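# Observations on chain architecture
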Amino acid sequence: MSGGQNLPVAEQAGNPRVGEHGALSCGRTLSFSRETRADFDRLLGRYPTKQAALLPTLWLAQREWGWISREAVDYVATLLELAPAFVWGVVTFYTMYNRAPVGKHLIQVCTSISCHLNGAEEVFHECKKRLGGLKTGEVSSDGKFTVVEVECLAQCDKAPAVMVNDDDYFVITKDKLDAFLGGLK
Amino acid sequence: MSGLSPAPPVLLARIGKPNSVSLDSYVADGGYASWKKVLEGVKGGEWTPAKVTDMVKASGLRGRGGAGFPCGMKWTFVPTKEKRGDKPVYLLCNADESEPGTFKDRLLIEKDPHQILEGMMLASFALDVKHAYIYIRGEMVHGAEILDKAVAEAHEKGFLGTDVLGSGVDLTITVHRGAGAYICGEETALIESLEGKRGHPRIKPPFPAVSGAWGCPTVVNNVETLSCVKHIVDRGAEWFKGVGRNEKNTGPKLYCVSGHVEKPGVYEAPTGIPWEELLALAGGVRGGRKLKAVIPGGSSAPMLTAAEIAGVPMDFDGLVAAKSMFGSAGIIVMDETTDIPKAVTNIAKFYAHESCGQCTPCREGTPWLLKMLRRIVNGEGKKSDLDLLLQISNQMGNGMTICVFSDAAIAPVISGITKFRGEFEAYIEKSTKPEFEQKAPTDLTNEIADRKAAGIHS
Ligand SMILES: Cc1cc2nc3c(=O)[nH]c(=O)nc-3n(C[C@H](O)[C@H](O)[C@H](O)COP(=O)(O)O)c2cc1C
Ligand code: SF4
Ligand code: FES
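Treat the numbers as computed from the prediction; the structure is a model and nothing was measured. (Residues numbered from 1 in each chain as written. Chains lettered and ligands numbered in written order. Predicted model: local features only at pLDDT ≥ 70, side-chain atom pairs only at ≥ 80, totals over all residues. Heavy atoms only, no water.)

Let's shift gears to the site of ligand 1. All names here are of chain B. Around ligand 1 sit 18 residues, and of these Gly65, Asn94, Asn221, Asn222 and Thr225 come closest. Considering ligand 1 on its own, with 610 Å² of exposed area, one finds that the protein chains cover 89% of that surface. At three residues, the largest contribution of residues to the shell around ligand 1 is made by strand E4 (residues 218-222). Here the residues of the shell around ligand 1 sort into four nonpolar, eight polar and six charged. (Near = heavy atom within 4 Å. Areas by Shrake-Rupley, 256 points an atom, 1.4 Å probe, with all protein chains shown as cover. Helix = DSSP H or I, 4+ residues; strand = E, 2+ residues; numbered from the N terminus. Nonpolar A, V, L, I, M, F, W, Y, C, P; charged D, E, K, R; others polar.)

Put into structure tokens, the structure is as follows:
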């Protein structure tokens, strides 16, 4: 195989790539802080295989960097001796691993059936409207807000249910929206 | 005494008490007495794993996670020591609770975690498990923290660890967080996810009891099921059997009532409480309105009209007889103001979003159902759409797929259209494009694309 011209630029230029299977790499190295590394080491003892620590390790990565970048994927893959493509496949299967940076307040509005019966769609749309016409998943210009739609949060008795980062908010009806959004500093 | 007479709550007995999550308060209320009793009786042969399993079998306990499979019988499917050799047995507590309309496990996790742990300890003893896992859905962040703390406390006080209370029994429990995927509640998807993979259900057989997590015998039980085990060992199988409508529908049960009721919430009642009594517990239909329909077992259950649910015993066999299912006991109440086509479309959205994508009928079918339903409620439905929806649905069910998700996805569509066809037809009559062949609307694609483009949540 000679087709040098078809190789990606980074490789042609001889730039080193991260990880053993560099296909997905972006070329920048990341590593966990000392505390996170200690948490990671503790994780490994809880499972019979290294691979089983993948979901919790991705949680650690998200805690550390706020979202899961390609670099983070490479790093986690190296830590757990997995292929980056495999790790990326897992990241994309689950909704809670952010694949782009999110606002300081990640507002997750449930629009499943019990919340739907209590006006959730309107709350979802109104929420984006009151934040200056924010699109789903977009970060507001001040970096404070991202709004997404999620499925049932197992809080159906308190519909419409909303989750902001790790916290639960209940009965967020349209008329309570201003107070709710105002409370998020 | 009727097994249906109201009794003081058992599963919810400690909810609302101050600091109900702490080990000390649990012990003060008599918690871990069964675990101690069993461990103290091990050396003298008074308590054996078989004895616990037999109690659970005799109690008639059926799984509270959705399928209603007899718990004790499932446990006996685990191969004996001679057959399984060196392979460990795993117990997985299914705390993935994601079925729309279901929120009972969350209450148990957040308010009485030691009840679940004690149930897991007793089940682990019965099954010779040395390492048990709790798979908790990613969204229950605080629930996972509470469980983590409870496990740490139980280790500290010697209820977990090596040679627990000098009995020679070893047991560790690990809390494992999911990361957002409904399908991971399906037991084999849960196992895949625990192993660090995408949550793709496995082809069965082999069943997990024979080959589950890491290829080892594995029992998956729901949070509420395991909580019941604790009380069965506390009070005896006869007590459990005495609560409930008949010997196939036994024990105290948690009912999640949501939607258009005055007091939505989790209610504990004997298994098989009649529909009217359950509705009364939840304060009746909101604003004195009339009842239109009920989804009685989480969004996967066929909906029943007000007439169909009248007098139905709310349990596994009562709801099967009414041609629906008890599922996760997530009871979604819809009053006369409910727009059924919109409600069905909403449920279809859930399944289109949550299909794991392995099987063609499910991966392709769920978005198609949603597209067609969307165009109907958006006023662009065609006359032939309703029959086409039913036809597609029929091609998605009946064992065409690896797991029963696909059957769940069509239940609301089929039941909604057959029982409320007039409401769908009313939309189509007003349709702006009733006759012509048309492209699939961009609406769904927009929304999923919206989520995808955002790159953070798809
Ligand atoms: C699509 C799907 C989702 C499920 N979700 C859950 C769930 O969130 N929690 C649960 O306990 N069981 C769930 N189940 C049922 C499990 O597969 C399994 O039957 C159950 O956890 C066994 O526990 P049990 O016998 O104690 O009920 C689900 C099943 C399917 C097909
Ligand atoms: S039926 Fe659907 S959810 Fe189940 S395995 Fe097939 S594609 Fe996945
Ligand atoms: S439907 Fe919204 S929390 Fe369950």
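On we go.
By the assigned domains, chain A splits into domain 1 (15-93) and domain 2 (105-183). Relative placement of domain 1 of chain A and domain 2 of chain A: their C-alpha centres are 30 Å apart. (Domains from an automatic or database assignment.)

Further remarks concern the site of ligand 2. For ligand 2, the set of nearby residues contains 13 residues, the closest of which are B:Cys356, B:Gln358, B:Cys359, B:Cys362 and B:Cys403. Partitioning the shell around ligand 2 into residue classes produces eight nonpolar, five polar and no charged.

The partner chain B presents 64 residues to the 49 residues of chain A that form the contact. A buried area of about 4500 Å², summed over both sides, lies between chain A and chain B, and 56% of it is on carbon and sulfur atoms. On inspection of chain A and its partner chain B, the count reaches three salt bridges. A:Asp168 is the partner of B:Arg106 in a salt bridge, and the nearest nitrogen-oxygen pair spans 3.7 Å. The interface formed by chain A and chain B includes 25 residue pairs in polar contact (both at pLDDT 80 or more). The set of elements that each furnish at least two residues to the side of chain A that touches chain B consists of helix H3 (54-65), helix H5 (84-93), helix H6 (113-116), strand E2 (145-150) and strand E4 (167-169) of chain A. By residue number, the principal contributor to the side of chain A that touches chain B is H5(A), which donates five residues. (Contact = heavy atoms within 4.5 Å. Buried area = accessible area lost by both parts, 1.4 Å probe. Salt bridge = Lys/Arg side-chain N within 4 Å of Asp/Glu carboxyl O. Polar contact = N/O pair within 3.5 Å; in protein donor to acceptor, adjacent residues only side chain to side chain.)

Our next topic: the nonpolar core. If you look at the biggest cluster of nonpolar residues, it comprises 88 residues, and the most contacted ones within it are A:Leu58, A:Val87, A:Tyr94 and A:Tyr97. Broken down by element, the residue count for this core peaks at eight residues, all from helix H15 (residues 340-354) of chain B. Aside from chain neighbours lying at most four places away, what touches A:Tyr94 is A:Leu55, B:Tyr135, B:Ala179, B:Gly180, B:Ala181, B:Cys184, B:Ser193, B:Lys197, B:Arg198 and B:Gly199. Core analysis: the second largest hydrophobic core is formed by 64 residues, B:Leu12, B:Tyr26, B:Val78 and B:Val129 among them. (Core = buried A, V, L, I, M, F, W, Y, C linked by side-chain atoms within 4.5 Å. Buried < 20%, exposed > 50% of the residue type's maximum accessible area, 1.4 Å probe, protein only.)

Within the element layout of this structure, B:Glu380 appears in the loop between helix H16 (360-377) and helix H17 (385-396). Within the structure, the side chain of B:Glu380 is placed 3.5 Å from the side chain of B:Lys433, a separation counted as a polar contact.

What follows covers the pattern of salt bridges. All told, the structure shown has 45 salt bridges over all chains when counted by the stated rule. Ionic pairing is found between A:Glu126 and A:Arg130, a salt bridge with its closest N-O pair at 3.1 Å. With A:Glu126 and A:Arg130 both in helix H7 (residues 120-130) and four residues apart, the pair spans about one turn of that helix. One salt bridge in this structure joins B:Arg421 and B:Glu425, with 3.1 Å as the shortest N-O distance. With B:Arg421 and B:Glu425 both in helix H19 (residues 421-429) and four residues apart, this pair spans about one turn of that helix. Residue class for B:Arg421 comes out partly exposed when judged on its relative accessible area of 27%. Through salt bridges with shared partners, a single network forms among B:Arg64, B:Lys104, B:Asp105, B:Glu224 and B:Lys253.

Residues and elements named next belong to chain B. Along its sequence, chain B is carved into domain 1 (23-241), domain 2 (247-335) and domain 3 (341-429). Listed as interface residues are 12 residues of domain 2 and, on the opposing side, 13 residues of domain 3. Summing both partners gives a buried area of about 920 Å² for domain 2 against domain 3, and 65% of it is carried by carbon and sulfur. On the domain 2 side of the contact with domain 3, Ser299, Ser300 and Met303 bury the most area, a combined 53% of that side's loss. Our enumeration of links across domain 2 and domain 3 arrives at two salt bridges. A salt bridge links lysine 419 to glutamate 308, with the nearest nitrogen and oxygen atoms 3.1 Å apart. Our count for the domain 2 to domain 3 interface comes out at six residue pairs in polar contact (both at pLDDT 80 or more). Contributing elements (two or more residues each) for the side of domain 2 that touches domain 3: strand E9 (291-295) and strand E10 (304-305). In terms of residues, the side of domain 2 that touches domain 3 owes the most to one element, E9, which gives three residues. Grouping the constituent residues of the side of domain 2 that touches domain 3 by class yields seven nonpolar, three polar and two charged.

What follows concerns helix H2 (residues 33-40) of chain B. Three or more residues of H2(B) are buried, namely B:Ser34, B:Trp35, B:Val38 and B:Leu39. Seen end-on, H2(B) carries its buried residues on one side only, within an arc spanning 130°. (Arc of directions from axis to C-beta.)

The subject of this paragraph is the packing of helix H3 (residues 49-59) of chain B against helix H7 (residues 113-127) of chain B. All names here are of chain B. Put simply, H3 and H7 touch, their axes get as near as 7 Å, and they point 120° apart. Taken as axis vectors, H3 and H7 run oblique relative to one another. Here H3 and H7 pass one another in a crossing that is left-handed. Contact residues: H3 offers Pro49, Val52 and Thr53, while H7 offers Leu122, Phe125 and Ala126. Each residue belonging to the contact of H3 with H7 can be placed in one class, and the counts come to five nonpolar, one polar and no charged. (Axes fitted to C-alpha atoms, helices over the stretch in contact; angles between N-to-C directions. Parallel < 35°, antiparallel > 145°, perpendicular 65-115°, else oblique. Left-handed = near helix turned anticlockwise from the far one by under 90°.)

Residue and element names in this part refer to chain B. Relative to strand E3 (residues 172-177), strand E2 (residues 129-136) runs parallel, the two sharing six bridges. Residue pairing for E3: isoleucine 136 is matched across the bridge by arginine 177. Regarding topology, helix H8 (residues 141-156) serves as the crossover connection from E2 to the parallel E3, and that connection is right-handed. (Pairing = 2+ DSSP bridges. Right-handed = clockwise from strand over helix to strand, strands pointing away.)

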